[in-house]
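The primary structure of each chain is shown beneath.
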Amino acid sequence: MKNRFAVNIKKLLPSALLSLCALPGCGGNKETATGLPGTAGAQTNASQHLSAKVQFSTLDQLPPITGAAPDYHSLIQQAPAGKQAGLLATALGKPNQMLLGLGTQFLLDSASDASMMPSYGVTKIDIYDQYLNGIDPQTSWVAWNSPTGAYASKVASDAESVGAVPMYTLYQMASQGDGNTTWQTNTALMTQYWNNVRTLFQKIQATGKPALVNVEPDFWGYIQRIYNESGAITGYQTAPGKVVISVASANSSDCYDQPNTAVGMVSCMISMARKYAPGAYLGIPPSGFPDLLAQEPAFMQQLGAGKADFVVMQTSDRDAGCYLTNAPNCRYAGGRGDVSQTYWNTSNFLRAFSQAAHYTTGSYDAAGVYTPPVYSLPLIWWQTPMGTPASANGTGSATPTSSPWRDNRMDYFLNNPAQLTAINTVAVVFGSGASSQSNLSNDFTSAGLHQFVTLQTAYNKIPANLPTAVAVYTDNLASGWLGDWGWNANVDFSSTATVWSGSNAMNISTTSAYGAVGLSSATPIAFNSPNAAIQFWAYSARALPIVLIPCPTENFCNPNVTLNLPAAKWTYFSIPASKFGNLGAIKRINIQSNSSNEVVSFAIDQLFIVN
C-alpha cells in the first residue's frame, strides 16, 4: 500500500494567515538557485510567493508516515558522490571521524596481534584486520580453529577486545600461488573457494555485529594482465566479462544465475554477503599496479566493483626503505616500478590521492576540467606501511631511534588527515605484508617513541570529521523522518510514475495554489559545516518554480530558495548552506510549488543533507 497524505490548508488556517504566507506578495529573504552544470538550462529570477517567516504551530499534524530502518548498503550507493564516508562509519557503529585500524603485525606466533597490542601501548583501535588464506578444507583458514570456520569468530572476538570492527582480508585466490590465475576455471577448486566464502559470511552473521571484508587484493590486477607461457606480460584484458572464472558451475546453490566470469564472481560475492550477512560491508580493491593505472578504473567499473560498499586503496605492502635497498623480500612485491616502492614526497601523495579520486569524488585537471568518478564509494587505505621517517633507508634491524626500514606514509596521513577525508576516506589501516617490515614492536621514531601510539594519541585529540550525507528520502522516507507536514497537496512517497534512481520517488500533486510537502526529522540535523548543502533531484512534466524551505526548528522557517524546474527533465540541485544564512541545524524541510495554478505535479528523489 502506498503512503499518501492530503492536506487542505484552507481548512486548517485562518484566511489571514493563509494570505500572509501562501499567496503572492509575501516578502522575505529569498534567492533563486540554479541546477548544476550539465542538468537544466539557465535559471531565471521567477516571482516568489513565500513568507520569510511562517508559523506552523496552528497547522494540525497528520498521522505519522515514518521512514524505514536504514539500509546502509543502499544509502552508500544512493548518497551524493564523495559524501559516503560518514554513512559507512555509522553503519559500523563508529563515530563520524576518520577511523584508524591495524592489520597483521607479526608480533608473536603463539598469540593474536590483538592480545599483544596493549604491550606496545595500544588499547583501542577502530578496525582490526586479519588475512584469510587458502581454500583446502583441511589446511586453509577454515581449519585453523575448531569447529570449521571458527577462526573468523576468533578474529571478531579479538577485534572486540580492542574496541574494533573486524576486517577480513579474503586472500583465497592466491592459494595456488600469488598471481597464478590458471586454476580459476577448475570447478573442484572453486567449489572449495565458494564453500569458504559461505562459511565466512555465516560466521559474520553469527556475531550479530558489522564487519568489513576486503575481497581478494591484487587478484583483480592479475586478471587484467595477459601472460605468455614464460610469465611475461604480453597484453591486457579490458573486458572483465571475458575473464572466465567458475561461479555458477562451482556454486549453483547461491549463484546459479551468475555468469562464469569475473563479473559474475563479484556479483556472486556481493549477493552472498547480502543473503548470509547483511552486516558485512565489502570492498573490491583496485590493484594499483603501475602498468594498469590508466585502464584500471574502467575495468573496475565494468567488473561491478562500484556495487560494493567501499574501495580498498593499497599504499604498499612493504616499507619504502626495504625497496630502496633492494632487499631480497622487496624486489618484486607490490608491483614492478610502482611508486609505492619509493619514499614518498608531496607529489607522490597527491598522485595517490588523484588515482583514488577515480573511485570516489572525481577530480579536476590543471585546466580546471572535472572528470567524474567511474563510481563513488568511501575509501579505506589498507596495509599502509609503519616505518618511520628517516634520512637513511634502514638496514632491516630496528634501533632505539629508528624502525627497521624507513617510510613516511603513516607520518603524512596522520598529520594531514583532512587531505584524506576531503576525498571521502573513512579509514586508514596500518600493517605490514611481511614479518621483516616495521610493526608496533619496532616503529621507533628519532625521539625513541613508538610512532603509531604517538600519532594516534595526537590524532584522537583533534580527529578529522568525515564527509557524510544524511538521507531524507531515497526510495522511501529515511529512518527518523516523518511526512506529517504539508498543505494543499496529495503526496505519494512510493510513486513509480517518474523515478530518478531506485524504485520509487516522492510525487507531490497540489490541490490548490502553492501546495507543499513538509518533512520533519525526529532530531535536528547539523547544518553548519562550510560545505553543508541540501542535494536532490527534481522533475516536473512542465516548467515549474518550486521553493525549498529548510527550518532550523519545528515552528520557524525563514530563508528560502526558489528553484526553476525545466519541462520533462530530471534536474540535480545542490543548495549550499550559505544560501540560507546561518541555520546551524535543520529540523524540517518544506518543498512548495510556487505556481498559482491550482493543479500541478512534481517529483523529488534522492534527497540528502550533506556535511
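These remarks concern the structure in this document. The model shown is predicted, which means the values in this text are computed figures rather than measured ones. Sequence positions are assigned chain by chain, starting from 1 and proceeding in written order. The predicted origin of the model limits local features to residues at a pLDDT of at least 70 and limits the giving and counting of side-chain atom pairs to 80 or more, whereas totals for whole chains, interfaces and linings rest on all residues. Side-chain measures here rest on the full set of heavy atoms in the structure, leaving out hydrogens and waters.

1. Observations regarding the overall build of the protein chain
Helices and strands together make up the secondary structure of the protein chain, namely 15 helices and 25 strands. Summary of the burial criterion: residues with accessible area below 20% of their type's maximum are buried, those above 50% are exposed, and those between are partly exposed, where the area comes from a 1.4 Å probe applied to protein chains only. Looking at the protein chain as a whole, 58% of its 611 residues are labelled buried. Expressed as a percentage of contacts within the protein chain between residues at least 6 apart in sequence, the contacts between residues at least 24 apart total 75%. Exposure was quantified through the Shrake-Rupley algorithm and a 1.4 Å probe, taking into account, for residues, occlusion by the shown protein chains and nothing else. When the accessible surface of the protein chain is summed, it comes to about 23300 Å², and 53% of that surface belongs to carbon and sulfur atoms. The numbering of helices and of strands both runs from the N terminus, where a helix is a DSSP run of H or I of at least 4 residues and a strand a run of E of at least 2. Here, residues are in contact when the closest pair of their heavy atoms is within 4.5 Å.

2. A short note on helix 5 (residues 150-161)
Each full turn of the α-helix corresponds to 3.6 residues, which orients residues three or four apart in the same direction. One fewer than the residue count of a helix, multiplied by 1.5 Å, yields its expected span. Between its terminal C-alpha atoms helix 5 stretches 17 Å, which fits the 16 Å expected from 12 residues at 1.5 Å a residue. Every buried residue of helix 5 is accounted for by Ala150, Tyr151, Ala152, Val155, Ala156, Asp158 and Ala159. Tucked into the core, helix 5 has its buried residues touching helix 4 (113-116), strand 4 (127-133), strand 5 (165-171) and helix 6 (187-207). Phi for Gly163, located one or two positions after helix 5, is positive at around 75 degrees.

3. A word on the packing of aromatic side chains
Aromatic pairing here means that ring centres of Phe, Tyr or Trp (its six-membered ring) are within 6.5 Å. Orientation follows from the plane angle: under 30 degrees is stacked, over 60 is edge-to-face, and everything else is tilted. The tally for this structure, following the rule as stated, stands at 21 aromatic pairs. Judged by centre distance (5.0 Å) and plane angle (75 degrees), the rings of Phe219 and Trp220 are edge-to-face. Geometry around Tyr343 places Arg406 over its ring, the cationic atom sitting 3.9 Å from the centre. Over a ring means this: the NZ of a Lys or the CZ of an Arg is within 6 Å of the ring centre and within 35 degrees of the ring normal. Seen from the ring of Trp344, Arg409 lies directly overhead, with NZ or CZ sitting 4.8 Å from the centre.

4. So, the pairing of strand 5
Working note: regular strand, side chains alternate between the two faces of the sheet. Burial analysis of strand 5 places seven of its seven residues in the buried class, which makes it a mostly covered element. Burial along strand 5 is two-sided: the face carrying Val165, Met167, Thr169 and Tyr171 and the face carrying Pro166, Tyr168 and Leu170 are both buried. One requirement defines pairing of two strands: DSSP has to find at least two bridges between them. Inspection of the sheet shows strand 4 paired to strand 5 by seven bridges, in the parallel sense. Residue Asp129 lies in a different strand from strand 5, and its bridge partner there is Met167. Pairing of strand 5 with strand 6 (residues 211-215), which is carried by four bridges, proceeds in the parallel orientation. Bridge pairing links Leu170 to Val215 in strand 6.

5. A look at the sheet that holds strand 6
Spatial ordering of the open sheet is given by 9-6-5-4-3-14-13-10, a layout of eight strands whose pairing is parallel. Looking at which strands have only one partner, the edges of the open sheet turn out to be strand 9 (280-283) and strand 10 (311-314). Within the sheet, the average angular offset between the axes of one strand and its neighbour, ignoring direction, is 25 degrees. Across two bridges, strand 3 (residues 99-102) lies against strand 4 in parallel orientation. Residue pairing across strands places Gly101 opposite Ile127, the latter belonging to strand 4. Axes here mean lines fitted to C-alpha atoms, for a helix over just the part in contact, with angles spanning 0 to 180 degrees between N-to-C directions.

6. Describing the state of the cysteines
To count as a disulfide, a pair of cysteine sulfur atoms needs to be within 2.5 Å. For the coordinates displayed, the defined rule picks out three disulfides. What pairs with Cys255 in a disulfide is Cys268, and their sulfur atoms sit 2.0 Å apart. Looking along the S-S bond of the Cys255-Cys268 disulfide, the torsion reads about 85 degrees, which is the right-handed sense. Separated by 13 residues along the polypeptide, Cys255 in helix 8 (residues 252-255) and Cys268 in helix 9 (residues 262-276) bring together distant segments of the chain. Accessibility expressed as a relative area gives 0% for Cys268, which makes it buried. Disulfide pairing places Cys322 opposite Cys330 at an S-S distance of 1.9 Å. Where Cys322 bonds to Cys330 through sulfur, the torsion about that S-S bond is close to 90 degrees, and the disulfide is right-handed. According to the relative accessible area criterion, Cys322 is buried, its value standing at 0%.

7. Quick word on the side chain of Lys83
Within the fold, Lys83 resides in the loop between helix 2 (72-78) and helix 3 (85-91). No salt bridge forms around the buried Lys83; measuring N to O, its nearest opposite-charge neighbour Asp605 is 19 Å away. Leaving out residues up to four positions away in the same chain, Lys83 has contacts with Asn424, Pro467, Thr468, Ala469, Asn531 and Val610. Counting rule applied: Lys, Arg positive; Asp, Glu negative; His and chain ends not counted. A side-chain nitrogen of Lys or Arg and a carboxyl oxygen of Asp or Glu constitute a salt bridge if their distance falls within 4 Å.

8. Section: the packing of helix 5 against helix 6
Contact geometry for helix 5 and helix 6: axes closest at 9 Å, N-to-C directions at 40 degrees. In terms of orientation, helix 5 lies oblique with respect to helix 6. In this structure, helix 5 meets helix 6 at a crossing whose hand is right-handed. Counting all contacts with helix 5, which are made through Ala150, Ala152, Ser153 and Ala156, the residues of helix 6 involved are Leu200, Lys203 and Thr207. Considered class by class, the residues forming the contact of helix 5 with helix 6 number four nonpolar, two polar and one charged. Angle categories are assigned with fixed cut-offs, so that under 35 degrees is roughly parallel, over 145 is roughly antiparallel, 65 to 115 is roughly perpendicular, and the rest are oblique. Crossing handedness is read from the near helix: turned anticlockwise from the far helix by less than a right angle, it gives a left-handed crossing, and turned clockwise, a right-handed one. Only Asp, Glu, Lys and Arg are considered charged, only Ala, Val, Leu, Ile, Met, Phe, Trp, Tyr, Cys and Pro nonpolar, and every remaining residue, Gly among them, polar.

9. Observations concerning the nonpolar core
Residues enter a nonpolar core if they are buried and are Ala, Val, Leu, Ile, Met, Phe, Trp, Tyr or Cys, with the set joined through side-chain atoms within 4.5 Å. Core analysis: the largest hydrophobic core is formed by 154 residues, its most contacted members being Tyr193, Trp194, Phe201, Trp220, Leu282, Trp381 and Ile604. If we skip the residues at most four places from it in the chain, Ile604 touches Tyr473, Ala505, Met506, Ile508, Phe536, Trp537, Ala538, Ile546 and Ile591. Counting residues in hydrophobic clusters, the runner-up holds six residues, among them Ala505, Trp537, Tyr539 and Ala603.

10. Overview of helix 6
The first and last C-alpha atoms of helix 6 sit 31 Å apart over 21 residues, in line with the 30 Å expected at 1.5 Å per residue. Met190, Tyr193, Trp194, Asn196, Val197, Arg198, Thr199, Leu200, Phe201 and Ile204 are the residues of helix 6 that are buried. Phi turns positive, to about 70 degrees, at Gly208, one or two residues after helix 6.

11. A word on the environment of Thr445
Tracing the backbone through its elements, the reader meets Thr445 in the loop between strand 14 (425-430) and helix 15 (451-461). Residues Thr445 and Ala390, 55 residues apart in the sequence, show an inter-C-alpha distance of 8.5 Å. Setting aside its immediate chain neighbours within four residues, Thr445 contacts Thr388, Pro400, Thr401, Ser402 and Gln451.

12. As for the packing of helix 6 against helix 9
Helix-helix packing is described using two parameters, namely the angle between the two axes and the distance between the axes. Where helix 6 meets helix 9, the closest approach of the two axes is 9 Å, and the angle between their N-to-C directions is 30 degrees. Comparing the axis directions of helix 6 and helix 9 gives the class roughly parallel. Taken as a pair, helix 6 and helix 9 cross one another with a handedness that is right-handed. On helix 9, the residues that touch Tyr193, Trp194, Val197, Arg198, Phe201, Gln202 and Gln205 of helix 6 are Met265, Cys268, Met269, Met272, Ala273 and Tyr276.

13. Digging into a nonpolar patch on the surface
A cluster of nonpolar side chains, Tyr227, Ile233 and Tyr236, forms an exposed patch at the surface whose accessible area comes to about 240 Å². On the accessibility criterion, Tyr236 (36% relative accessible area) is partly exposed. Like-charged residues are merged into a patch within 9 Å and nonpolar side chains (Val, Leu, Ile, Met, Phe, Trp, Tyr) within 5 Å, provided each residue has over 30% relative accessible area and no salt bridge.

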